[in-house]
Amino acid sequence: MSKKPRVKLPKSAQKGEIVEVKTLATHGMETGNRKGKDGNKIPRLILNKFTCSFGGKEIFSADMHPSVSANPYIAFNIRAESSGEYTFTWIDDNKEVTEVKETMTVS
Amino acid sequence: MTKTNENMVRVDRREALKVAGASVLAIGFASTAHATPEDAVKYIGEKTGGAAATEGSAKVTIKLPEIAENGATVPITVVVDSPMTDADHVKHIHLVADGNPSPQIVSFNLTPGCGKAEVSTRIRLGKTQNVIAAAVMSDGSVHTNKQEVKVTIGGCGG
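Undergrad: Would you take a moment to explain the interface of chain B and chain A for this structure?
TA: One widely used convention gives an interface's size as the accessible area the parts lose upon coming together. If you look at the interface, chain B gives 32 residues, while chain A gives 28 residues. Of the roughly 2,400 Å² buried where chain B meets chain A, counting both sides, 46% is carbon and sulfur surface. On the chain B side of the interface with chain A, the three residues burying the most area are B:N109, B:R122 and B:R124, jointly 26% of the side's total. Counting every contact that joins chain B to chain A gives zero salt bridges. Inspection of the region where chain B meets chain A yields 20 residue pairs in polar contact (both at pLDDT 80 or more). Those elements giving two or more residues to the side of chain B that touches chain A turn out to be β6 (104-110) and β7 (118-123) of chain B. At seven residues, β6(B) tops the list of elements feeding residues into the side of chain B that touches chain A. Sheet topology note: the strand β5 (residues 57-64) of chain A/β6(B) ladder contains five bridges and is antiparallel. By the bridge assignment for β6(B), A:A62 is matched with B:F108.

Undergrad: So what exactly am I meant to see when it comes to the nonpolar core here?
TA: One broad rule of soluble globular proteins: the nonpolar side chains tend to lie buried together. With 55 residues, the main nonpolar core has A:F50, A:F60, A:F76, A:F88 and B:F108 as its most contacted residues. Sequence-distant contacts of A:F88, that is, excluding residues within four places in its chain, are made with A:V7, A:V21, A:T23, A:F50, A:T51, A:C52, A:F76, A:T98, A:E99, A:V100 and A:E102.

Undergrad: I keep staring at the sheet that holds β7(B) and nothing clicks. Help me out?
TA: Whenever strands of a sheet pair, they do so through backbone hydrogen bonds, lying parallel or antiparallel. What the six strands build is an open sheet, ordered β1(A)-β3(A)-β6(A)-β7(B)-β4(B)-β2(B); its pairing is antiparallel. Pairing within the sheet leaves two strands with one partner each, and these edge strands are β1 (6-8) of chain A together with β2 (60-63) of chain B. Neighbour-to-neighbour, the strand axes of the sheet open up by a mean angle of 15 degrees, direction not taken into account. Where β2(B) lies against strand β4 (residues 74-80) of chain B, four bridges are found, and the strand directions are antiparallel.

Undergrad: Got a minute to help me understand the environment of B:T85 in this structure?
TA: All names here are of chain B. Examined against the element boundaries, T85 turns out to sit in the loop between β4 and β5 (90-97). Classification of T85 by relative accessible area gives partly exposed; the value is 35%. Residues T85 and K116 lie 31 residues apart in sequence; the distance between their C-alpha atoms is 9.5 Å.

Undergrad: Explain the side chain of B:N100 here, please?
TA: Relative to the elements of secondary structure, B:N100 occurs in the loop between β5 and β6. Within the structure, B:N100 has its side chain in polar contact with the side chain of A:S67 (distance 3.0 Å). There is a polar contact of 2.9 Å between the side chain of B:N100 and the backbone oxygen of B:R124.

Undergrad: What is the right way to look at the pairing of strand β6 (residues 73-79) of chain A in this model?
TA: Looking down a regular strand, the side chains alternate between one sheet face and the other. Counting buried residues along β6(A), six of its seven residues qualify, which places the element largely inside the surrounding structure. Judged from the seven bridges that link them, strand β3 (residues 18-24) of chain A and β6(A) form a sheet pairing that is antiparallel. Considered in β6(A), the bridge of A:E20 is made with A:N77. Taken together, the two bridges between β6(A) and β7(B) define a ladder with antiparallel strand orientation. Residue pairing across strands places A:A75 opposite B:S120, the latter belonging to β7(B).

Calculation rules
Residues numbered from 1 in each chain as written. Chains lettered and ligands numbered in written order. Predicted model: local features only at pLDDT ≥ 70, side-chain atom pairs only at ≥ 80, totals over all residues. Heavy atoms only, no water. Contact = heavy atoms within 4.5 Å. Buried area = accessible area lost by both parts, 1.4 Å probe. Salt bridge = Lys/Arg side-chain N within 4 Å of Asp/Glu carboxyl O. Polar contact = N/O pair within 3.5 Å; in protein donor to acceptor, adjacent residues only side chain to side chain. Helix = DSSP H or I, 4+ residues; strand = E, 2+ residues; numbered from the N terminus. Pairing = 2+ DSSP bridges. Core = buried A, V, L, I, M, F, W, Y, C linked by side-chain atoms within 4.5 Å. Buried < 20%, exposed > 50% of the residue type's maximum accessible area, 1.4 Å probe, protein only. Axes fitted to C-alpha atoms, helices over the stretch in contact; angles between N-to-C directions.

Quick look at the structure:
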């Protein structure tokens, strides 16, 4: 990905609080159904996997298909249990991995 | 007389070519056929291991615009009624479209760490169709619900 994905995670939360996480990746999500100017199909190139993990454990993930819009936006919830670093990962069809880390303090 | 006959033949040949061209076009369309509601149901069956689904379940709420002006980005939120505890939580939420080139849209994999089974994203819809959300619970039960979206401009390209 040319541009770093945006992740909106609260800086701090109460223990047990359920917080919303919003993510926005910058990606064309080429479906593989479109035809280019030369009449040939443009090959598929999408982000097919999104993962959010904490302490090496997967909390939430998404398997994406071409019907997900360009610049995929995913919002979900996580329960704040302890302070630490959350890892957000996107993987595209070429196995290119983009990773973003965000820290949340739980009191 | 001979000349007219020749012309007749020419016209016939043209007509024949037109017909041939049309049939090629028809085949072209058929190869890019869209998924049907049956495909969507079949896909859900594959994803849920054939478990009997509770259709139109009150546990699954889909928030979608009734009319989407731009099919390229249609906001969708799915809420599943679940306590999200270790014993009782939502494992997967599959979003399926019955009129897109392929039925699958996205599958969300949830854990009790999510706290709440609510996810939002933006999807592409090629034409007016039903969007189906299938929630797979930790006890293996499947709850589905669907909503129709009217699409003014399709968003699948091609």
